[in-house]
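Here are the chains, one letter per residue:
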Amino acid sequence: MEEQIFDLTGGLLCLDFANTVDDRTDEHPQEHLVGYDDLVEWSKQAQVLSEQEARRLLEKAAKRVSEANSVLKRAVEVREAIFRIFKAVAEERPPDNEDLVLLSTLVAEAQKHARILPGTHGFHWDWVGTGSELDCMLWSVVQSAADFLTSDELDTVRVCASDTCNWLFIDTSKNHSRRWCNMKSCGNREKARRFYSRKKSSVSTVS
Ligand SMILES: [Zn+2]
């Protein structure tokens, strides 16, 4: 099976997760999380899951199809909540309380799997059960969203300036002027669109 390559240019795990659908406001949005295996593939590319954990989850999902499907459904639900929350923040609007409640609930659930583990230099937080619980990739995603939402970096979140794209990203440019999720795709498409509409309007003034 051909695996898709995910574009991870959001700059943060939760934003990259929100960016797994293209052209959300277009007539034909493109969903990249069509099956549970897409969710696992994204998690692998986003380094939430190791190769081995991903393989174990796919094996488990093959035996528990309906459970895997409901994890996918929840993943899309929480992705949309994360999208709406950060889009609101980027547009300086208050997010919906319902979305904040959903995120908080999922973070609380995720944290049941968090443990403080000793390392070579001190201690660190880690998840126990990644690679065995079908929804384990969502723990890191919701934690990332909660951490970012409560951080003082929050004012760096932007929504792509393209009309339909709606991808989210962190603007780390020096003068805070980044407007597109990706200059190569959206930036160029938008420039071309403006160029042609300018051309069209100058033609119509002549005629
Ligand atoms: Zn874009």
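Check the entry above for the structure.
Reading the values: rules and limits
For every chain, the first residue of the written sequence is number 1, and numbering continues from 1 along that sequence. Only residues with pLDDT of at least 70 get local features here, since the model is predicted, and only at 80 or more are side-chain atom pairs given and counted; chain-wide, interface and lining totals rely on the full set of residues. Where side-chain values are given, they derive from all heavy atoms of the structure, hydrogens and water being excluded. By nonpolar core we mean a set of buried residues, namely Ala, Val, Leu, Ile, Met, Phe, Trp, Tyr and Cys, connected to one another through side-chain atoms within 4.5 Å. The buried label applies to any residue whose accessible area, calculated with a 1.4 Å probe on protein chains only, is under 20% of its type's maximum; exposed applies above 50%, and partly exposed to all values in between. For the purposes of this entry, the term helix denotes a DSSP run of H or I that reaches at least four residues, the term strand denotes a run of E that reaches at least two, and both are numbered from the N terminus. Contact between two residues is taken to exist if any of their heavy atoms lie within 4.5 Å; hydrogens are not considered. In this description, a donor is an N, O or S atom within 2.8 Å of the metal centre, a cutoff extended to 3.2 Å for sodium, potassium and calcium. Water is not part of the atom list, which can make sites seem incomplete. Every geometry call rests on angle ranges, with four donors termed tetrahedral when all angles are between 85 and 135 degrees, four termed square planar and six termed octahedral when opposite donors are over 155 degrees apart and all others are between 65 and 115, and everything else termed irregular. Geometry of aromatic contacts follows a simple scheme: Phe, Tyr and Trp rings, the Trp one being its six-membered ring, pair when their centres are within 6.5 Å, and the pair is stacked under 30 degrees between planes, edge-to-face over 60, tilted otherwise. Only when the NZ atom of a Lys or the CZ atom of an Arg is both within 6 Å of the ring centre and within 35 degrees of the ring normal do we say a charge sits over the ring.

Caption draft 1: Quick look at the nonpolar core. Counting residues in each nonpolar core, the largest one holds 48 residues, and the members touching the most others are F17, Y36, L39, W42, F86 and M137. Secondary-structure elements contributing two or more residues to this core are α1 (13-18), α2 (36-45), α3 (51-63), α4 (65-90), α5 (97-111), α6 (136-149), β5 (157-159) and β6 (168-170). Residue contributions to this core peak at ten residues, all from α4. Beyond its immediate stretch of four places on either side in the chain, M137 contacts Y36, L39, V40, S43, V48, L49 and L57. C160, C165, W167 and F169 belong to the second-largest nonpolar core, a separate cluster that totals seven residues.

Caption draft 2: Region of interest: the environment of S185. Mapped onto the elements, S185 comes out in helix α7 (residues 183-206). Relative accessible area serves as the criterion here: at 37%, S185 is assigned to the partly exposed category. A C-alpha to C-alpha distance of 11 Å links S185 and C160, two positions 25 residues apart in sequence.

Caption draft 3: Geometry of the coordination of the zinc ion. Listed as protein donors to the zinc ion are C160 (SG), C165 (SG), C181 (SG) and C186 (SG); their distances from the metal cover 2.3 to 2.4 Å. Bound by four donor atoms, the zinc ion shows angles of 103 to 117 degrees at the metal and therefore tetrahedral coordination geometry. The motif formed by the donor residues of the zinc ion, counted along the single chain, is C-x4-C-x15-C-x4-C. Note that C160 is positioned in the loop between β5 and β6 and C186 in helix α7, a separation of 26 residues in sequence. Residue C160 is classed as buried on the basis of its relative accessible area of 5%.

Caption draft 4: Spatial organisation of the packing of aromatic side chains. Under the definition given, this model contains three aromatic pairs. When the ring of W127 is compared with that of W139, the centres are 5.8 Å apart and the planes differ by 50 degrees; the resulting orientation is tilted. Here W127 is found in strand β4 (residues 123-127), whereas its partner W139 is found in helix α6, with twelve residues between them in sequence. Taken individually, W127 and W139 each receive the classification buried, so the pair is uniform in this respect. The ring of F83 has R24 sitting right over it, with the charged end atom 3.8 Å from the ring centre. Lying across the ring of W180, R179 places its NZ or CZ 5.0 Å from the centre.

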